Protein chains: 2
Amino acid sequence: MSSKGEQTRHEIVGRALALAEEVGLESVSLGVLAAGMNLSKSGLFAHFKSKEALQLDVLQEASERFAREVVAPALAQPRGEPRVRAMFENYLGWMDSRDRTKGCFFVALTHEYDDRPGPVRDLLVKYLGDWQQALAEAARIAVDERHFDGGVDATQFAFEVFGISMAFQQAMKLLSDRHAKKRARAAFEGLIVRSRGTSVRPRAKTRQRLKAGRGTTRTRED
Amino acid sequence: MSSKGEQTRHEIVGRALALAEEVGLESVSLGVLAAGMNLSKSGLFAHFKSKEALQLDVLQEASERFAREVVAPALAQPRGEPRVRAMFENYLGWMDSRDRTKGCFFVALTHEYDDRPGPVRDLLVKYLGDWQQALAEAARIAVDERHFDGGVDATQFAFEVFGISMAFQQAMKLLSDRHAKKRARAAFEGLIVRSRGTSVRPRAKTRQRLKAGRGTTRTRED
């Protein structure tokens, strides 16, 4: 495809993403998109054989932006807790960027696609899995660096960050809670402090650990 | 309205709720509903002057079921941590009841209505606020009962339970994580243990508390 063609295609995807952020990905209409761009519907179809093909590209575009704005800058941070913190803060920034009505595109799609099987759902699941793994990997490194306790379950850590993020988006967008970000950060701090390894781990587990001769790792810096 | 009329009306609402759980509340079609019930569309309109009136009743019906299945049985539990735990467990049960494709109706509506102003959104916000307050009130009582530490922020507690619940629903429905419930419970245990008051509270706060002569309350039973 010519460079001009690539450019038009990229522009279509960008506009479709903006539209999908407003109305959802299923409601993106090729007709509305074409009209907004002075393209005929068949001109638009020259770039995308189907609405689904466009949806997949929109999702990919969002994922690339996410990688650029959230993940990459966090990976540039020092290994361990600083990187984990950067991932969370960048994600809050991503959810709260542009304007207050947006939130995270992927979270919004969660409910649009959880009952709707197909390639779009599959790709969404893949991207959410990638993000979950990036968070878990950062937590695992924090364990290696002894910033987090050896007993931290990295996948559980990622699960809890997902929860905090979704509660943030709901509080910010739907419930208009002006303390939403403060609450999200407080929840995250609780998770971080707990992950550093402390006396709050369930007794049985502590006992197991002591029995195994591993003791309790404490690396809090304060 | 006659008792027969009331009964029909109630049946319409029940069917509309079941349909809305599948397709969302905006996509509930009066035509489809009427056809499924051997009613004419105008017969259905005799009960509901508008689609919005029906949507509000559907939301109210869901809220009444929620009060009956989640809140009321929890309120029958002893004050303090047992009641807090019952609220969470009942809520997990609510999300995981019927079949695995349902989840919590209110969570699903979060993204359907966060950008859609109007009476339906207002009522949804009210119901979510009621649930948040019920959770916060249960946490406040747990503080009174000295099951939770005096420094616990009950609203923050409720925020975090919302997060865990949403992560559970996403993991269960979208990500098909068969450990979803185990993860939700582990996250909740972390929150409970932290709320009991331990050494993991940020140092500055501990210092404040000690300075205020309140010490650290520990009421763990294990």
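Everything numeric here is computed off the predicted structure, so don't read it as measured data.

## Overview of the overall build of chain A
Counting its secondary structure elements, chain A contains 10 helices and zero strands. For chain A, with 222 residues in total, the buried portion stands at 51%. Restricting the contact set of chain A to residue pairs at least 6 apart, pairs at least 24 apart contribute 66%. In the form shown here, chain A has an accessible surface area of approximately 10100 Å², with 51% of it arising from carbon and sulfur atoms.

## Some words on the packing of helix H8 (residues 154-174) of chain A against helix H8 (residues 154-174) of chain B
Orientation of H8(A) relative to H8(B), taken along the N-to-C sense of each, is 115 degrees, at an axis distance of 7 Å. As judged from the angle between their axes, H8(A) and H8(B) are roughly perpendicular. The two elements H8(A) and H8(B) cross, and the hand of that crossing is right-handed. In this structure, H8(A) uses A:Phe159, A:Phe162, A:Gly163, A:Ile164, A:Met166, A:Ala167, A:Phe168, A:Gln170 and A:Ala171 to contact H8(B), whose residues at the interface are B:Phe159, B:Phe162, B:Gly163, B:Ile164, B:Met166, B:Ala167, B:Phe168, B:Gln170 and B:Ala171. Here the residues of the contact of H8(A) with H8(B) sort into 14 nonpolar, four polar and no charged.

## Section: the interface of chain B and chain A
Each partner contributes to the interface: chain B provides 47 residues, whereas chain A provides 48 residues. When residues of chain B are sorted by the area they lose upon contact with chain A, B:Phe159, B:Leu174 and B:Arg183 head the list and together hold 18% of the total. Summed over the shared surface of chain B and chain A, the result is six salt bridges. Put simply, A:Lys173 and B:Asp115 hold a salt bridge, and the shortest N to O gap is 3.5 Å. Remark: the boundary between chain B and chain A carries 14 residue pairs in polar contact (both at pLDDT 80 or more). The element contributing the most residues to the side of chain B that touches chain A is H8(B), with 15 residues.

## Here's the deal with the environment of A:Glu137
As for its position among the elements, A:Glu137 is in helix H7 (residues 119-144). Here the alpha-carbon distance between A:Glu137 and A:Thr155, two residues 18 residues apart in the chain, equals 8.5 Å.

## Notes on the packing of aromatic side chains
Here the structure, examined in full by the defined rule, presents 18 aromatic pairs over all chains. For the ring pair B:Phe66 and B:Trp131, a centre distance of 4.9 Å and an interplane angle of 75 degrees mean the geometry is edge-to-face. Here B:Phe66 is found in helix H4 (residues 51-75), whereas its partner B:Trp131 is found in helix H7 (residues 119-144), with 65 residues between them in sequence. Considered together, B:Phe66 and B:Trp131 belong to a single accessibility category, that of buried residues. Between B:Phe148 and B:Phe157, the ring centres sit 5.4 Å apart and the planes meet at 45 degrees, which makes this aromatic pair tilted. Accessibility classification places B:Phe148 together with B:Phe157 in one group, the buried group. Here the aromatic residues A:Phe66, A:Tyr91, A:Trp94, A:Phe105, A:Phe106, A:Tyr127 and A:Trp131 are joined through ring pairs into a cluster of three or more. The residue whose ring lies beneath A:Arg116 is A:Tyr113, and the NZ or CZ to ring-centre distance is 5.6 Å.

## Quick notes on empty space enclosed by the protein
Counted under the stated rule, the structure contains three cavities of 30 Å³ or more. Computed from the structure, the largest cavity encloses a volume of approximately 130 Å³. In terms of lining, the largest cavity is formed by 15 residues, of which the most central are A:Glu160, A:Ile164, B:Glu160, B:Ile164 and B:Arg194. Those elements that place two or more of their residues in the lining of the largest cavity are H8 and helix H9 (180-195) of chain A together with H8 and helix H9 (180-195) of chain B. Taken together, the residues of the lining of the largest cavity sort by class into eight nonpolar, three polar and four charged.

## Brief notes about the environment of A:Gly163
In this fold, A:Gly163 is placed in helix H8. The class of A:Gly163 is buried, set by a relative accessible area of 2%. For A:Gly163, the contacting residues outside a window of four places in its chain are B:Gly163 and B:Ala167.

## Let's talk about unusual backbone geometry
Unusually for a residue other than glycine, A:Asn38 sits at a positive phi of about 55 degrees. Along the chain, A:Asn38 turns up in the loop between helix H2 (30-36) and helix H3 (41-45).

## Section: the confidence of the model for chain A
Residues and elements named next belong to chain A. On average, chain A scores 86 in pLDDT, and the residues at 70 or more come to 86%. Considering only residues more than four positions removed or in separate chains, one finds that residues 199-207, a stretch of pLDDT under 50, has 18 contacts. In the model, residues 213-222 has pLDDT below 50 throughout and makes 23 contacts with residues more than four positions away in sequence or in other chains. What the predictor reports for the complex is a pTM of 0.85 with an ipTM of 0.84.

## Examining the layout of surface pockets
There is about 770 Å³ of room inside the largest pocket. Lining the largest pocket are 35 residues, with A:His111, A:Glu112, A:Arg116, B:His111 and B:Glu112 positioned closest to its centre. Sorting the residues of the lining of the largest pocket by element identifies helix H1 (3-23) and helix H6 (105-113) of chain A together with helix H1 (3-23) and helix H6 (105-113) of chain B as the ones contributing at least two each. Grouping the amino acids of the lining of the largest pocket by side-chain chemistry returns 11 nonpolar, seven polar and 17 charged.

Conventions we followed
Residues numbered from 1 in each chain as written. Chains lettered and ligands numbered in written order. Predicted model: local features only at pLDDT ≥ 70, side-chain atom pairs only at ≥ 80, totals over all residues. Heavy atoms only, no water. Helix = DSSP H or I, 4+ residues; strand = E, 2+ residues; numbered from the N terminus. Buried < 20%, exposed > 50% of the residue type's maximum accessible area, 1.4 Å probe, protein only. Contact = heavy atoms within 4.5 Å. Areas by Shrake-Rupley, 256 points an atom, 1.4 Å probe, with all protein chains shown as cover. Axes fitted to C-alpha atoms, helices over the stretch in contact; angles between N-to-C directions. Parallel < 35°, antiparallel > 145°, perpendicular 65-115°, else oblique. Left-handed = near helix turned anticlockwise from the far one by under 90°. Nonpolar A, V, L, I, M, F, W, Y, C, P; charged D, E, K, R; others polar. Buried area = accessible area lost by both parts, 1.4 Å probe. Salt bridge = Lys/Arg side-chain N within 4 Å of Asp/Glu carboxyl O. Polar contact = N/O pair within 3.5 Å; in protein donor to acceptor, adjacent residues only side chain to side chain. Phe/Tyr/Trp six-rings, centres within 6.5 Å; stacked < 30°, edge-to-face > 60°. Lys NZ or Arg CZ within 6 Å of the ring centre and 35° of its normal. 1 Å grid on protein atoms, 1.4 Å probe; cavity = no way out; pocket = protein on both sides within 12 Å on 5 of 7 lines; lining within 4 Å. Points joined across faces, edges and corners; volume = space filled by probe spheres on them. pLDDT = per-residue confidence, 0-100.

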